[in-house]
Amino acid sequence: MTDTKRRVKLYALNADRQWDDRGTGHVSCTYVERLKGVSLLVRAEADGALLLESKIQHDTVYQKQQDTLIVWSEADNFDLALSFQEKAGCEEIWEKICSVQGKDPTIETTQDIVEESEDERFDDLSDSAPPVELPLCEIGRLKEIKDLFITCMATPLNKDRLAEAIENDGYVRKLVKLFNLCEDLNNLEGLHCLYDIVKNIFLINKNALFEMLFADDIIFDVIGCLEYDPTLPIRKYHRHHLKNVSKFKEVILITNLELLNKIHQTHRVQYIQDVVLPTPSVFEDNMLSALSSFIFFNKVEIVTLIQEDEKFLPDLLGQLQDESTPDSRKLELVQFLKEFCNFSQNLQPPQKEGFFRTLTSLGILPMLEMTLMSEDVNIKQAAIDILTILVEFSPSVIREYILQQSSDTVTQANGSEVELMLMNVIIEQMICDTDPDLGRAVQLMGVIRVLIDPENMLPSLSKVEKTDFLNYFYKHSVQILIAPLLANTVDGEPARDDYQNAQLLAHILELLTFCVEHHSYHIKTCILNKDLLKRVLVLMKSAHKFLVLGALRFMRKIVALKDEFYNRYIMKGCLFGPVIDCLLDNNGRYNLLDSAIIELFEFIKLEDIKILIAHVVENYGKKFEHIDYVQTFKALRIRHSQQTEKLKEKPITSCITSVTVSTGRFRRDPRQIEDEEEIWFNNEDDEFDDGEAVVPHTGMTGSTEITASEQLESIGKSIDKKCEGSSTKIFGTTVKTTPIMNNNLAATPALSSSPEDSKNSSLLKKALVDYEGDSDEEEDENGDLKSPTKRPRYT
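These numbers come from a predicted model, not from an experiment.

### What about helix H16 (residues 377-393)?
Compared with an ideal rise of 1.5 Å per residue, which puts 17 residues at 24 Å, H16 spans 25 Å between its outermost C-alpha atoms and is within 8% of the ideal. The buried fraction of H16 is high, at 12 of 17 residues. Among all positions in H16, only Ile379, Lys380, Ala382, Ala383, Ile384, Asp385, Ile386, Leu387, Thr388, Ile389, Leu390 and Val391 are buried.

### Notes on the packing of aromatic side chains
Tallied over the entire structure, the rule returns 18 aromatic pairs. Three or more aromatic residues joined by ring pairs form one cluster here, namely Phe312, Phe336, Phe340, Phe355, Phe356 and Phe393. Residue placement shows Lys243 over the ring face of Phe220; its charged tip is 4.8 Å from the ring centre. Above the plane of the ring of Tyr566 lies Lys524, whose end atom (NZ or CZ) is 5.8 Å from the centre.

### As for the pattern of salt bridges
All told, the structure shown has 32 salt bridges when counted by the stated rule. Between Arg357 and Glu400 there is a salt bridge, with its nearest N and O atoms 4.0 Å apart. Highlighted residues: Arg357 in helix H14 (residues 349-361) and Glu400 in helix H17 (residues 395-413), separated in sequence by 43 residues. Residue Glu400 is classed as partly exposed on the basis of its relative accessible area, which comes to 49%.

### Re the confidence of the model for the chain
Taken as a whole, the chain shows an average pLDDT of 78; of its residues, 75% reach a score of 70 or greater. No element of the chain has a lower mean pLDDT than strand S11 (residues 793-794), at 32, and none a higher one than helix H24 (residues 545-560), at 96. Counting contacts from residues 410-419, a segment whose pLDDT is below 50, to residues more than four positions away or on other chains yields 10 contacts. Taken together, the stretch residues 653-795 has pLDDT below 50 and engages in 191 contacts with residues farther than four places along the chain or on a different chain.

### Comments concerning the packing of helix H21 (residues 499-518) against H24
Between two packed helices, both the angle of their axes relative to each other and the distance between the axes serve to describe the pair. Between H21 and H24, the least distance of the axes is 9 Å, while the angle of their chain directions is 15°. The angle between H21 and H24 falls in the class roughly parallel. The two elements H21 and H24 cross, and the hand of that crossing is left-handed. Along its contact with H21, which presents Tyr499, Ala502, Gln503, Leu505, Ala506, Leu509, Leu512, Thr513, Val516 and Glu517, the element H24 presents Phe546, Leu547, Gly550, Ala551, Arg553, Phe554, Lys557 and Ile558. When grouped by side-chain class, the residues that make up the contact of H21 with H24 number 12 nonpolar, 3 polar and 3 charged.

How each quantity is defined
- All residue numbers refer to positions counted from 1 along the written sequence of the respective chain.
- Local features in this predicted model are restricted to residues of pLDDT 70 or higher, and side-chain atom pairs are both shown and tallied only at a pLDDT of 80 or more, whereas totals for entire chains, interfaces and linings draw on every residue.
- Excluding hydrogens and water, the side-chain figures rest on all heavy atoms present in the structure.
- Under the DSSP-based scheme used, a helix requires at least four consecutive residues in state H or I and a strand at least two consecutive residues in state E, with every element numbered from the N terminus.
- By this rule, a helix spans an expected 1.5 Å times one less than how many residues it contains.
- Classification of residues uses two cut-offs on accessible area relative to the type maximum, computed with a 1.4 Å probe and protein chains only: under 20% is buried, over 50% is exposed, and between them is partly exposed.
- The rule is short: rings of Phe, Tyr and Trp, with Trp giving its six-membered ring, pair when the centres are within 6.5 Å, and they are stacked under 30 degrees, edge-to-face over 60, tilted in between.
- We count a charge as sitting over a ring when the NZ of a lysine or the CZ of an arginine lies within 6 Å of the ring centre and within 35 degrees of the ring normal.
- Any carboxyl oxygen of Asp or Glu that lies within 4 Å of a side-chain nitrogen of Lys or Arg is treated as forming a salt bridge with it.
- Confidence of the predictor at the level of single residues is given by pLDDT, which spans 0 to 100.
- Contact definition: two residues touch when any of their heavy atoms are within 4.5 Å.
- With axes taken as lines fitted to C-alpha atoms, and helix axes fitted only over the stretch in contact, angles between N-to-C directions fall between 0 and 180 degrees.
- Oblique is the label for any angle not covered by the other classes, which are roughly parallel (under 35 degrees), roughly antiparallel (over 145) and roughly perpendicular (65 to 115).
- Crossings are assigned a handedness: left-handed for a near helix turned anticlockwise from the far helix by less than a right angle, right-handed for a clockwise turn.
- Classes in brief: Ala, Val, Leu, Ile, Met, Phe, Trp, Tyr, Cys and Pro nonpolar; Asp, Glu, Lys and Arg charged; the others, Gly included, polar.

Set out below in structure tokens:
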């Protein structure tokens, strides 16, 4: 049988409440004549032997857990479980079980949590039933006590009665005295029985019993009972570890005895849960839920008691901010604060918000600035962990502090202390991470990503917060973020291509790609004025494929926006060149890089981005004409040919009858490009300090330089040749009226070699008016033009 959908592992619960693996096989649900009913059958995968034959009884409680488990009790103290390889197989068998019992398959338990049959048996007798009688605590009766506990654990009713008897009789303390006696006598048999007894008390999972077990005067004896596990060949010395190895450091003097005792108790109980008790199996994930709750509420109480102390937190943060505090002392303080913040994760949202507001008011953020720049790696790591907790809970609080810090710094020092701002400190620490695996850089990158994510900004202040913080980030911080990338791509080749530097650049590219997705105007300004995409594509020459793919992903996100300015910028810089070269260097190898590059051009084809299709085919068509293992490039050439033919065959539907140069008389079409954005493509002054600007590439395929006067002359000749009609003067040049198709105008380059040429080119562009078929002027029945009904648009 090869059906993986019905492949299962069969488990059975043994007398020690541990799940034994009975084998792997395939399950089926069929009618068994011998059992007179529908049954679950499991046959071994290896030899087909029958591992399980279980009739589905109408009163048996079946439970579906975690989508791939079915658990049920075959008889008293004999539980079975099927663990399915696939969720679909579990659902199929579950539906058949529910069908036999007449239950809705959407439920997860075929009967009530407490068995109906048990309710019926004990409903009338529950009050009159005798309580569990516990044997005397004597060494000779330890086996009897152990057997009684195992028997009572089989049913919920007996488990509750056992818990009641233990609590009423003070049985825990009696067992502890017996343990000390057995240990003095070195009675291993008795100690093994006590291990099973105490373990079952934990498995009863009652908070009242935990209060007794974790009393300060007996908790070490309880832990001692759990050292004598009969299944382990070597005894574990847990008490020695807690008393001698694990040391409590009181970094700030704690005068509250209740708080001190609660800290000690929580540490010991956490150790019992994590180390001493056996790891729960997949079927017992909620077996010790009360123990987890006990630890949870202890941590909440510790955080509350520390927060209520008027001196503790101010003293701690004050020492951390004091420059005279030695690094060894700072390490102890910041590690305590980190653990304290971890405990605060257990608070409810309102209490947690109040807690972090308290820390902020006490100056935790200025303290983090100092500790992040510490030369001690352990101090720095603890500070990063604290910052991560703060940012994940309330990024708006951090942004508010950064904006306030920015205004204060500019007011006090006229911007000379920009580098000391928290945001810049975070970026610098990410860039300067000395860890070979850049573990801290990855963590800080996550912090930056949360801070610049517009989606998590407060709804009530969304507009203001987005505007103010993003303006701050792109004015003061983005230069620091992209500095390593710009420094590494100065000469058209990666200056450093070692693994660690490639990792850092990949993380920076990931953040910039996130910005392209979520920020529009700001990142566009940065990319166009810094010529950032061209610098990023230099990394396509890296020897590290993950960095090459990161650069390609950055370009892919830009192309996906289908933004006109981005498209013109890519064409102007001939930025498909490095991508095409990388594809050719890959030489048709079937790998992720090849697929990613082809997907980029496939996207351009499917989205029918005409301007990019024409640019790619006209400039790089010869380079990829031999690529025939995919149809993408052939389809691009066909699509371009179709577009060219369509433009040639397109009938003249409108004609320019007048050209008027005027300011303020025409209404701009909503689709028209904003004048201030047009400046980016006319090489005006850069907003950034270093004065970089986008410049057209020269010497590349299909790239030519055209002056504005040559454009005027060429357009004038074309107009004289193609059409006769009325004429008008443009900048002193007589131009005849001609039909002009909008696509030709849009493709006209706007390059100039002198300020006068640039001025003439810009004015000419505003002077030419396009009348499209949605008609600013209409024709009458004879084909004559009627009077205009709409204002003409600029092209």
